[in-house]
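As a plain string of letters, each chain reads:
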Amino acid sequence: MTEHGEHPTAQREQAHGEAGGNQPRQAAGGHPRQPVQDNGAKVSTDVTPAGPTEAAIPELVIISGMSGAGRSTAAKCLEDLGWFVVDNLPPALIPTMVELGARSQGNVARIAVVVDVRGRRFFDNLRESLADLEAKHVTRRIVFLESSDDALVRRFESVRRPHPLQGDGRIVDGIAAERELLRELRGDADLVIDTSSLNVHELRAKMDAQFAGEEEPELRATVMSFGFKYGLPVDADLVADMRFLPNPHWVPELRPYTGLNEEVAAYVFNQPGAKEFLDRYAELLRLVAAGYRREGKRYVTIAIGCTGGKHRSVAMSEKLAARLVAEGVETVVVHRDMGRE
């Protein structure tokens with residue numbers, strides 16, 4: 001697109017669903033941005049119900065391990081990679097969940113289930129469920145999160161929560177009981193990760209290495225215009241201030257319009273420093289995005305502000321969103337305060 005050409009708002013207002021559930025999230029007042037191929041998504045026109053082929057059965061990962069060892073972080077990592085994640089599902093229901101996924105026509109191709117001692121009433125059913133899955137030729141992996149007693153004690157003490165199995169005893173008593181309960185499952189695990197000396201980012205990196213394949217972790221961005229007089233967005237990761245540019249509000253013929261208007265956008269980007277800011281800020285975001293991916297961060301909110309959130313911030317947000325889309329970043333743009341005046 002040209003510098004003052006058609007706005008990305010009018011170009012991309014569709015979300016593409018794919019197997020794995022990777023869809024751009026659309027906030028209120030926003031619209032999704034992503035590159036669109038000319039032929040669109042491949043959609044089967046065969047209305048004949050698919051038979052129960054092995055290819056239709058979802059891939060399954062069971063996440064378990066010691067309480068406090070990072071199960072939630074591991075599950076969140078898989079969720080960010082497009083897996084359908086179910087936390088604390090009773091083991092007896094795992095085959096049912098896989099069957100439902102097989103009926104989803106490819107919309108649920110990968111399922112991750114977190115199984116832990118919170119569901120200890122059902123834990124005896126796990127081996128039976130695993131045998132059932134094997135009989136149905138379901139591809140499954142067990143990920144077991146391990147950690148030393150010292151590390152687990154420190155983590156429980158830091159959050160001031162009891163171990164789920166300690167009862168009236170000490171934290172170490174609960175840890176010992178849990179180790180005994182999970183001993184057999186740990187022996188069956190396909191992947192054991194010791195998180196004793198890992199931080200959250202390092203654990204995510206290990207999960208990425210196992211499940212992200214050769215693809216670079218995907219980053220999704222929200223570009224939000226806002227007005228400083230209405231307050232900073234509380235969910236902003238990065239904030240840029242457009243008040244260094246002249247305000248179109250003081251141009252009578254432009255005042256009624258917004259930054260989505262071509263004349264307003266042309267006025268903004270004809271001002272000294274506007275194009276230079278866009279170029280350099282886009283380059284800065286490339287650097288930041290690479291770091292976010294390395295640290296396992298999947299979502300970033302970029303807030304672009306001006307006085308009222310109507311002219312300069314809106315125009316800049318549109319251009320910046322178009323740059324991100326051109327670089328393959330799934331992008332949603334939200335104009336938080338446009339129309340409040």
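Here, every reference points to the structure presented above.
Residues numbered from 1 in each chain as written. Predicted model: local features only at pLDDT ≥ 70, side-chain atom pairs only at ≥ 80, totals over all residues. Heavy atoms only, no water.

Chemist: An account of the pattern of salt bridges is needed here, citing residue identities and associated values.
Modeler: Evaluated as defined, the whole model comprises 19 salt bridges. Asp-241 serves as the salt-bridge partner of Arg-243, at 2.9 Å between the closest nitrogen and oxygen. Assessed through its relative accessible area of 33%, Asp-241 is described here as partly exposed. The partner of Asp-337 in a salt bridge is Arg-336, and the shortest N-O contact between them spans 2.9 Å. Since its relative accessible area comes to 1%, Asp-337 is described here as buried. Take Arg-336: its relative accessible area is 29%, and that puts it in the partly exposed class. Each member of the salt-bridge network shares a partner with another, and the members are Lys-76, Glu-79, Asp-80 and Arg-204. (Salt bridge = Lys/Arg side-chain N within 4 Å of Asp/Glu carboxyl O. Buried < 20%, exposed > 50% of the residue type's maximum accessible area, 1.4 Å probe, protein only.)

Chemist: Summarise the packing of helix α2 (residues 71-80) against helix α7 (residues 200-211); cite the residues concerned and give the values.
Modeler: Running from N to C, α2 and α7 cross one another at 50°; their axes reach a closest spacing of 9 Å. Relative to α7, the element α2 is oriented oblique. The handedness of the crossing between α2 and α7 comes out as right-handed. Counted together, Thr-73, Ala-74, Lys-76, Cys-77, Leu-78 and Asp-80 of α2 and Val-200, Leu-203, Arg-204, Met-207, Asp-208 and Phe-211 of α7 form the full contact between these two elements. Each residue belonging to the contact of α2 with α7 can be placed in one class, and the counts come to 7 nonpolar, 1 polar and 4 charged. (Axes fitted to C-alpha atoms, helices over the stretch in contact; angles between N-to-C directions. Helix = DSSP H or I, 4+ residues; strand = E, 2+ residues; numbered from the N terminus. Parallel < 35°, antiparallel > 145°, perpendicular 65-115°, else oblique. Left-handed = near helix turned anticlockwise from the far one by under 90°. Contact = heavy atoms within 4.5 Å. Nonpolar A, V, L, I, M, F, W, Y, C, P; charged D, E, K, R; others polar.)

Chemist: Describe the packing of helix α3 (residues 94-102) against helix α4 (residues 126-135), naming the residues involved and giving the relevant values.
Modeler: Here α3 crosses α4 at 35°, and the two axes come no closer than 9 Å. In contact with Ile-94, Pro-95 and Val-98 of α3, α4 contributes Leu-126, Ser-129, Asp-132 and Leu-133.

Chemist: Outline the packing of aromatic side chains, supporting the account with residue identities and numerical values.
Modeler: Counted by the stated rule, this structure contains 4 aromatic pairs. Geometrically, the ring pair formed by Trp-83 and Phe-211 is edge-to-face, given 5.9 Å between the ring centres and 85° between the ring planes. With Trp-83 in the loop between α2 and β3 (84-87) and Phe-211 in helix α7, the pair connects residues that are 128 residues apart, well separated along the chain. With relative accessibility at 9%, the residue Phe-211 sits in the buried group. Above the plane of the ring of Phe-228 lies Arg-243, whose end atom (NZ or CZ) is 3.7 Å from the centre. Above the plane of the ring of Tyr-230 lies Arg-340, whose end atom (NZ or CZ) is 4.0 Å from the centre. (Phe/Tyr/Trp six-rings, centres within 6.5 Å; stacked < 30°, edge-to-face > 60°. Lys NZ or Arg CZ within 6 Å of the ring centre and 35° of its normal.)

Chemist: Could you give an account of the environment of Tyr-281, with specific residues and numbers?
Modeler: Note that Tyr-281 resides in helix α9 (residues 274-294). Once the C-alpha coordinates of Tyr-281 and Ala-240 are considered, the two residues, 41 residues apart in sequence, prove to be 9.0 Å apart. In contact with Tyr-281, not counting residues within four places along its chain, are Leu-238, Val-239, Ala-240, Ile-302, Ile-304 and Leu-320.

Chemist: Any chance you could break down the sheet that holds strand β2 (residues 59-65) for me, citing the residues and the numbers?
Modeler: Sheet strands line up and pair through hydrogen bonds in the backbone, either parallel or antiparallel. Pairing within the open sheet is parallel, and its 5 strands lie in the order β3-β4-β2-β5-β6. Lying at the two open borders of the sheet, with one neighbouring strand each, are β3 and β6 (191-194). The sheet shows a mean angle of 20° between the axes of neighbouring strands, direction not considered. Pairing between β2 and strand β4 (residues 110-114): 5 bridges, direction parallel. (Pairing = 2+ DSSP bridges.)

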